[in-house]
Amino acid sequence: MIRTLVAIAALSLSAPAFADGHSAGDAEAGAKLFKKCKSCHMIASDDGEVLAKGGKSGPNLYGMIGRAAGSVGGFKYSKDLVAAGEAGLVWDEVLLAEWVKDPKAFLRNILDDPKAKSKMSFKLKKGGDDISAYLVSMSQ
Ligand code: HEC
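Residues numbered from 1 in each chain as written. Predicted model: local features only at pLDDT ≥ 70, side-chain atom pairs only at ≥ 80, totals over all residues. Heavy atoms only, no water.

### Digging into the overall build of the chain
Next up, step 1: When its secondary structure is counted, the chain shows six helices and two strands.
Next up, step 2: Going residue by residue from the N terminus, the α and β elements of the chain occur as α-α-β-β-α-α-α-α.
Next up, step 3: Out of the 140 residues belonging to the chain, those deemed buried represent 41%.
Next up, step 4: Nonlocal contacts in the chain, meaning residues at least 24 apart in sequence, comprise 51% of its contacts between residues at least 6 apart.
Next up, step 5: Total accessible area on the chain is roughly 7,900 Å²; 56% of this is exposed by carbon and sulfur atoms. (Helix = DSSP H or I, 4+ residues; strand = E, 2+ residues; numbered from the N terminus. Buried < 20%, exposed > 50% of the residue type's maximum accessible area, 1.4 Å probe, protein only. Contact = heavy atoms within 4.5 Å. Areas by Shrake-Rupley, 256 points an atom, 1.4 Å probe, with all protein chains shown as cover.)

In structure tokens form, the structure reads like this:
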């Protein structure tokens, strides 16, 4: 498991990213890209303040970095994302950038299960690092 995580982090090194789990994203560019996430995700702080409006078919993305995958209370995740979180997947900027590129492929890779599926069908081809930086900036 840990080895897979390191391999994924290493893969992301072709993009401007660092092995310590931080990426070189641009939060302002990420804010623009978040428009693509809004149909399904909002950002609301722990005390319920809505920081970015959005839909509810995906989990609240507040405080995602540093949180175990599939662990926002009250959201009905795919069993595979929950399994990844239980196996030790904790979001950092690099992993999150990798996830948004292709959630299904990400889960298949990380769980080493060619049948794994995610409930998130959306793929963000470019700008994962920027989205990560934006989500960090919105959770401080
Ligand atoms: C069409 C709806 C949809 C869109 C658009 C979408 N997502 Fe998601 N997202 C989901 C769903 C549903 C899940 C739960 C996945 C699962 O359970 O397998 C999810 C899960 C996630 C997770 C994991 C959350 C956790 O608690 O572990 C992250 C991070 C995430 N999305 C980020 C994004 C970002 C960033 C964008 C925009 C670039 C985006 N999503 C766009 C529906 C969407």
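More follows now that the structure is in view.
### Structural notes on unusual backbone geometry
Next up, step 1: Despite not being glycine, Asp112 shows a phi value in the positive range, around 55°.
Next up, step 2: Here Asp112 is to be found in the loop between helix H5 (103-111) and helix H6 (128-137).
Next up, step 3: The exposure class assigned to Asp112 is exposed, which follows from its relative accessible area of 69%.

### Here we look at the packing of aromatic side chains
Next up, step 1: Scanning the entire structure with this criterion turns up five aromatic pairs.
Next up, step 2: With 5.6 Å between their ring centres and 35° between their planes, Trp91 and Phe106 make a pair best called tilted. Taken together, the residues span a long stretch of sequence, with Trp91 in the loop between helix H3 (79-86) and helix H4 (93-101) and Phe106 in helix H5 at a distance of 15 residues.
Next up, step 3: For Trp91, a relative accessible area of 5% gives the class buried.
Next up, step 4: Relative accessible area serves as the criterion here: at 4%, Phe106 is assigned to the buried category.
Next up, step 5: Summarising the aromatic geometry, the rings of Trp99 and Phe106 are spaced 5.8 Å apart at their centres and angled 85° between planes, so their arrangement reads as edge-to-face. The pair Trp99 / Phe106 is uniform in exposure class, with both members buried.
Next up, step 6: Each residue in the set Trp91, Trp99 and Phe106 is aromatic and connected to the rest through ring pairs, giving one cluster. (Phe/Tyr/Trp six-rings, centres within 6.5 Å; stacked < 30°, edge-to-face > 60°.)

### So, H3
Next up, step 1: Restricting attention to buried positions, one finds in H3 the residues Asp80, Leu81, Ala84 and Gly85. Seen along its axis, H3 keeps its buried residues to an arc of 140°; they face one direction. Structural note: H3 exposes Lys79 and Glu86 on the side pointing more than 90 degrees away from its buried face.
Next up, step 2: Contacts made by the buried residues of H3 are with H4 and H5. (Arc of directions from axis to C-beta.)

### As for the site of the ligand
Next up, step 1: Around the ligand, a shell composed of 26 residues is seen, among which Cys37, Cys40, His41, Ser78 and Met120 lie nearest.
Next up, step 2: Note that an oxygen atom of the ligand is positioned 3.0 Å from one of the side-chain N or O atoms of Ser118.
Next up, step 3: The element contributing the most residues to the shell around the ligand is H4, with three residues.
Next up, step 4: Tallied by class, the residues present in the shell around the ligand amount to 17 nonpolar, seven polar and two charged. (Near = heavy atom within 4 Å. Polar contact = N/O pair within 3.5 Å; in protein donor to acceptor, adjacent residues only side chain to side chain. Nonpolar A, V, L, I, M, F, W, Y, C, P; charged D, E, K, R; others polar.)

### Describing the pattern of salt bridges
Next up, step 1: Scanning the model with the defined rule gives three salt bridges in all.
Next up, step 2: Note that Asp80 and Lys79 form a salt bridge whose closest N and O atoms lie 3.4 Å from each other.
Next up, step 3: Relative accessible area serves as the criterion here: at 66%, Lys79 is assigned to the exposed category.
Next up, step 4: One salt bridge in this structure joins Lys123 and Asp102, with 3.6 Å as the shortest N-O distance. One end of the pair, Lys123, is in the loop between H5 and H6; the other, Asp102, is in the loop between H4 and H5, and 21 residues separate them in sequence.
Next up, step 5: Using a relative accessible area of 48% as the deciding quantity, one classes Lys123 as partly exposed. (Salt bridge = Lys/Arg side-chain N within 4 Å of Asp/Glu carboxyl O.)

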